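Coordinates in review
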Amino acid sequence: MRTETPQAIRLSDYRPPAYLIDEVELHFDLSPNATRVKARLDIRRNGDHAEPLVLNGERLKPVSVALNGRALGEGERTVDDEFLTIPNVPDVFTLETEVEIDPQANTHLEGLYMSGGRFCTQCEAEGFRKITWFPDRPDVLTRFTVRIEADRKFQHLLSNGNLLEAGELPGGRHYAVWNDPFPKPCYLFALVAGELDVLEDSITTMSGRKVELKIYVDPGMAPRAAYAMDALKRSMKWDEEAFGREYDLDLFMIVAVRDFNFGAMENKGLNIFNSSLLLADPATATDLDYERIESVVAHEYFHNWTGDRITCRDWFQLCLKEGLTVFRDQSFSADMRGEAVQRIKDVKQLRARQFPEDQGPLAHPVRPSSYLKIDNFYTATIYEKGAEVIRMLKTLIGAQAFRAGMDLYFERWDGHATTVEEFIRCFEESSGQDLSDFFAWYEQAGTPKVTVKRRYDEAARTLELELSQETPPTPGQPNKRPLPLPVAVGLLDAEGRTLAFERDGQAMDETVIVLKDGAAKVTLHGVDRPPVVSALRGFSAPVTLITDAEPKDRYVLLASDPDLFNRWEAGQGLARDLMLARAGGAPNEVGEERFAEAVGRALTDQAAEPAFKALLLALPSEQELALARQPADPAAIHEARETLRTRLALHLDEELRRLHTGLQQLGEFSPDAVSAGRRALRNAALDLMAANPRSEVVELARGHYEAASNMTDAIGGLSALMLIGGQAFEDALAHFYDRWKDEPLVVDKWFALQARDPGDGALGRVLGLTAHPAFDPKNPNRLRALVSTFASMNPSRFHDPSGAGYRFLADQILAVDAINPSVAARLVEPLGGWRRYRPEYGELMKAELQRIVGTEGLSKNVYELASKALA
Ligand code: ARG
Ligand code: ZN
């Protein structure tokens with residue numbers, strides 16, 4: 001047990017920094033086990049006070065501290081595990097410090113560490129304090145000059161900004177000096193040193209400046225950075241067109257590293273990426289990898305304005321940069337890949353990751369008000385719900401006022417660290433609207449339930465819509481306020497034709513109803529025929545929608561809604577209800593048949609894109625079903641979902657085969673969205689066929705795997721064989737490993753595939769894989785491939801009635817916590833949902849959480865999440 005309960009940090013305790021640092025000069029003498037870091041800080045008192053100077057510093061070995069050139073003795077300064085404190089300092093002074101650190105021993109992968117024999121850094125949120133003493137908070141903005149010295153075998157010496165000079169030194173060493181002209185918080189500092197290959201390109205910005213683009217990767221990997229480079233150039237252009245934002249330095253660099261705690265990091269002028277989100281070629285990367293690379297490259301680049309030029313005053317404002325930047329990358333991806341398909345994928349992701357968070361013990365507002373470890377708040381709520389909030393803002397005030405508000409924000413806050421209040425104020429000014437009610441979206445956790453009921457009066461040709469909302473309580477927030485909710489609505493007739501209507505005397509096809517209070521009524525006029533209501537089009541608000549639509553209405557929407565999101569959603573809703581009915585012991589066989597027929601018709605629709613049809617074919621996940629009706633019975637849900645899949649497979653057999661044959665790749669591989677959509681549909685057809693595995697299907701899947709000329713199809717074939725099971729799968733699995741054992745990113749896929757095997761023997765196999773020579777818990781990608789994939793993507797095996805799946809996860813959390821607490825903490829979430837499951841499952845999950853919390857020496861990171869999950 002922890003001896004003391006860690007202290008929470010609160011938003012309400014925010015104080016401006018006591019001292020500001022205008023300039024810092026860092027001098028790195030790199031060596032894997034003993035790196036020396038000298039820092040020279042130009043400091044001035046901020047305001048009128050007599051506070052001591054307190055600088056953060058952790059795991060630093062002190063060498064020396066001097067103030068205005070005079071070494072400070074023991075009595076003039078104190079150093080403990082967390083701080084360097086100097087009680088009496090002048091108003092303006094220079095502080096010079098020297099520390100020693102051990103990058104080789106740094107398994108937390110925060111601060112300066114080694115990956116594949118190269119030095120690299122990760123400072124957000126609080127890693128800089130593991131490099132040198134500094135006010136490690138985002139509201140201290142400083143100009144950095146960085147000198148790096150190292151053995152010549154560390155060939156490239158990189159940091160933020162512009163290269164001022166570089167040269168040779170005696171003793172086989174060399175150096176480089178970098179200067180970043182833009183003041184920045186220390187979390188945006190970066191340093192990389194090592195042997196790397198580089199892919200180079202350049203662009204000319206809208207004002208005619210030339211910018212060099214360099215992507216640094218492991219030796220031999222430069223060709224695999226080509227797609228990321230292409231995505232980077234498109235992102236830079238898009239930000240100029242969509243937001244008027246231009247890049248500001250003469251050089252933009254990205255470095256890919258294999259050991260990285262999360263996806264990527266927006267350090268000024270020197271982004272650092274997890275190699276899984278940067279490297280791609282057809283043989284080793286799937287279409288999903290390409291898609292994610294495109295969006296993450298864009299995301300990190302967009303941070304240059306929303307994050308770097310304008311940063312957060314404190315970490316409670318994290319959504320100010322993350323929610324906004326996700327909104328920007330989603331908009332970019334929609335422009336690149338098609339709006340409807342992108343929207344469906346974004347909402348799927350929101351429902352899979354954010355909804356469970358918002359409806360469980362770890363629920364928190366988009367802007368939380370307290371935390372123990374800020375690393376635990378890089379969540380789907382801050383990122384994805386944060387993006388939804390911006391999207392609603394744009395819907396509510398309109399595209400023009402939104403763009404004007406963004407322009408104002410860039411103009412007013414450039415070069416500053418600011419808050420969500422100031423951000424929203426810009427839109428109040430640009431739109432002339434009072435947005436104080438809207439602000440509740442930032443302060444209130446939980447997923448609202450919105451109900452829409454209709455009453456059609458044939459004689460009066462009116463449709464009355466009655467809307468209401470309710471947000472269930474979340475931890476610490478028992479009573480919820482109504483939120484301003486934009487609900488986009490359109491009407492269809494029974495034949496699926498668009499029904500025009502009038503609202504407030506104006507004729508239209510679609511309208512946005514803003515529900516501000518608990519309930520409201522809206523009357524639409526001139527409705528000529530009995531309408532089918534298409535509500536919450538485009539998923540206009542992040543809510544759970546409840547309607548009085550009957551199945552027949554949903555079939556109309558599935559066949560004809562011009563809003564493709566709602567067309568997809570209609571199918572999902574029908575499937576969800578059918579599966580829940582079966583899982584609840586009341587199967588509706590007639591309904592299942594009818595659904596299969598409707599999906600069959602949708603598949604033959606010539607106008608619909610393959611990428612959209614692939615999404616139509618994927619039934620709601622078991623996790624989504626578990627969230628929809630509680631207490632959840634994971635075994636019954638699995639059974640119900642498999643039954644519906646089998647029914648679809650039987651019913652659509654001919655059509656699925658036709659798709660599988662017809663969509664074979666003809667020419668060369670291209671990662672573009674249309675080609676990827678064709679592969680997605682072909683693989684989705686195979687996946688469904690695997691639910692009805694006759695010998696022909698086994699042969700088809702084997703042939704698919706063997707003929708695969710790209711990773712998407714190889715994984716598609718292998719997955720289908722896995723669902724079927726048996727010798728064909730074992731052979732292909734062994735073949736796959738043998739073929740790819742020297743490609744770490746592909747070996748990750750090999751682990752992940754087995755981790756999501758729903759088959760009977762899969763749990764034993766997963767447990768055994770921790771002893772595989774290629775399993776490495778120090779590498780976050782490898783660890784997550786096996787452990788997170790199993791816990792979050794394999795519900796039927798994770799929820800093994802014996803509790804062995806839960807025990808495995810808890811064992812892994814505890815083992816990894818000793819190596820890398822922030823990665824360990826991210827594994828806690830699947831256990832957090834214990835209350836949603838039937839008690840025979842929930843109690844076993846809870847027991848594992850209790851075992852975790854009761855473990856000696858647990859990190860703050862894991863403690864915070866596990867104890868909140870139990871509370
Ligand atoms: N800012 C990074 C991004 O682009 C992520 C940093 C994550 N840091 C953390 N401590 N989890 O989203
Ligand atoms: Zn980000």
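Residues numbered from 1 in each chain as written. Chains lettered and ligands numbered in written order. Predicted model: local features only at pLDDT ≥ 70, side-chain atom pairs only at ≥ 80, totals over all residues.

Things to note about the packing of helix 20 (residues 744-755) against helix 21 (residues 762-769)
- Two numbers describe how helix 20 lies on helix 21: the axes approach to 9 Å, and their chain directions differ by 145°. Residue-level contacts link Phe751, Gln754 and Ala755 of helix 20 to Arg765, Val766 and Leu769 of helix 21.
- Of the residues contributing to the contact of helix 20 with helix 21, the split by class is 4 nonpolar, 1 polar and 1 charged. (Axes fitted to C-alpha atoms, helices over the stretch in contact; angles between N-to-C directions. Helix = DSSP H or I, 4+ residues; strand = E, 2+ residues; numbered from the N terminus. Contact = placed C-beta atoms within 7 Å. Nonpolar A, V, L, I, M, F, W, Y, C, P; charged D, E, K, R; others polar.)

Examining the sheet that holds strand 25 (residues 449-457)
- Read from one edge of the open sheet, 4 strands run 31-26-25-33, paired in mixed fashion. Both outer strands of the open sheet, strand 31 (519-524) and strand 33 (544-547), are each paired with one neighbouring strand and no more. If you compare each strand with its neighbour and ignore which way they point, the axes differ by 20° on average.
- Bridging between strand 25 and strand 26 (residues 462-470) involves 9 bridges; their strand directions are antiparallel. Each residue of the ladder has a partner; that of Lys453, found in strand 26, is Glu466. (Pairing = 2+ DSSP bridges.)

A short note on the pairing of strand 25
- Hairpin remark: strand 25 followed by strand 26, antiparallel, with 4 residues in the connecting loop; positive phi at Arg461, about 55°.
- Inspection of the sheet shows strand 25 paired to strand 33 by 4 bridges, in the parallel sense. Of the residues in strand 33, the one forming a bridge with Val452 is Thr547.

Observations concerning the packing of helix 4 (residues 339-358) against helix 5 (residues 380-397)
- In the contact formed by helix 4 and helix 5, the axes pass within 9 Å of each other and the chain directions differ by 115°. Note on packing geometry: the crossing formed by helix 4 with helix 5 is left-handed. Residue-level inspection shows Gln349, Leu350, Arg353, Gln354, Glu357 and Asp358 of helix 4 in contact with helix 5, the latter providing Ala380, Thr381, Glu384, Lys385 and Glu388.
- Broken down by class, the residue content of the contact of helix 4 with helix 5 amounts to 2 nonpolar, 3 polar and 6 charged. (Left-handed = near helix turned anticlockwise from the far one by under 90°.)

Topic: the site of ligand 1
- Every residue close to ligand 1 is listed here: Glu124, Ala125, Phe262, Ala264, Met265, Glu266, His299, Glu300, His303, Glu322, Asp375 and Tyr378.
- Those elements giving two or more residues to the shell around ligand 1 turn out to be strand 20 (264-265) and helix 2 (287-302).
- Tallied by class, residues from the shell around ligand 1 come to 5 nonpolar, 2 polar and 5 charged. (Near = placed C-beta within 6 Å.)

Some remarks on unusual backbone geometry
- Residue Ala125 is bonded to the preceding Glu124 through a cis peptide linkage, with omega at 0°.
- Structurally, the position occupied by Ala125 is in the loop between strand 11 (118-122) and strand 12 (142-151).
- Of the consecutive residues Gln630 and Pro631, the connecting peptide bond is found in the cis state with omega at 0°.
- Relative to the helices and strands, Pro631 is located in the loop between helix 13 (622-628) and helix 14 (634-651).
- The phi torsion at Arg59 lies on the positive side, around 55°, for a residue other than glycine.
- Classification of Arg59 as partly exposed rests on a count of 16 C-beta atoms within 10 Å.
- Even without glycine at this site, Phe539 takes up a positive phi of about 50°.
- With respect to the helices, strands and loops of the structure, Phe539 is situated in the loop between strand 32 (532-535) and strand 33. (Buried ≥ 20, exposed ≤ 12 C-beta atoms within 10 Å, placed from the backbone.)

A word on the sheet that holds strand 3 (residues 35-45)
- The 8 strands lie next to each other as 6-5-9-3-2-12-15-14, forming an open sheet whose pairing is mixed. Across the chains shown, the open sheet's two edge strands, defined by having one partner strand only, are strand 6 (70-71) and strand 14 (162-169).
- Pairing of strand 2 (residues 19-29) with strand 3 involves 10 bridges; the strand directions are antiparallel. In the strand pairing of strand 3, Leu20 is matched with Arg44.

Some details on the pairing of strand 9 (residues 92-101)
- Pairing of strand 3 with strand 9, which is carried by 10 bridges, proceeds in the antiparallel orientation. When the sheet's bridge partners are listed, Lys38 is paired in strand 9 with Glu98.
- Where strand 5 (residues 61-67) meets strand 9, 6 bridges bridge the pair, whose relative direction is antiparallel. Opposite Ser64, over in strand 9, you have Glu98 as the bridge partner.

Section: the environment of Pro32
- Relative to the helices and strands, Pro32 resides in the loop between strand 2 and strand 3.
- Sequence separation between Pro32 and Pro219 is 187 residues; the distance between their C-alpha atoms is 20 Å.
- Excluding anything up to four places from it in sequence, Pro32 contacts Pro103, Gln104 and Met114.

Some details on the UniProt feature "domain: Peptidase M1 alanyl aminopeptidase C-terminal" (unreviewed entry) in the chain
- UniProt tags residues 552-871 as "domain: Peptidase M1 alanyl aminopeptidase C-terminal" (unreviewed entry).
- The annotated region residues 552-871 carries 73% helix and 0% strand content, and the separation between its end C-alpha atoms amounts to 43 Å. (UniProt positions renumbered as here; feature names shortened; annotations may be inferred.)

Structural notes on the UniProt feature "domain: Peptidase M1 membrane alanine aminopeptidase" (unreviewed entry) in the chain
- What UniProt calls "domain: Peptidase M1 membrane alanine aminopeptidase" (unreviewed entry) maps, in this numbering, to residues 227-440.
- Along residues 227-440 the backbone is 56% helical and 9% strand, and the end-to-end C-alpha distance reaches 40 Å.

Regarding the environment of Ser670
- Within the secondary structure, Ser670 is located in the loop between helix 15 (653-662) and helix 16 (673-689).
- Along the chain, Ser670 and Glu339 lie 331 residues apart, while their C-alpha atoms are 20 Å from each other.

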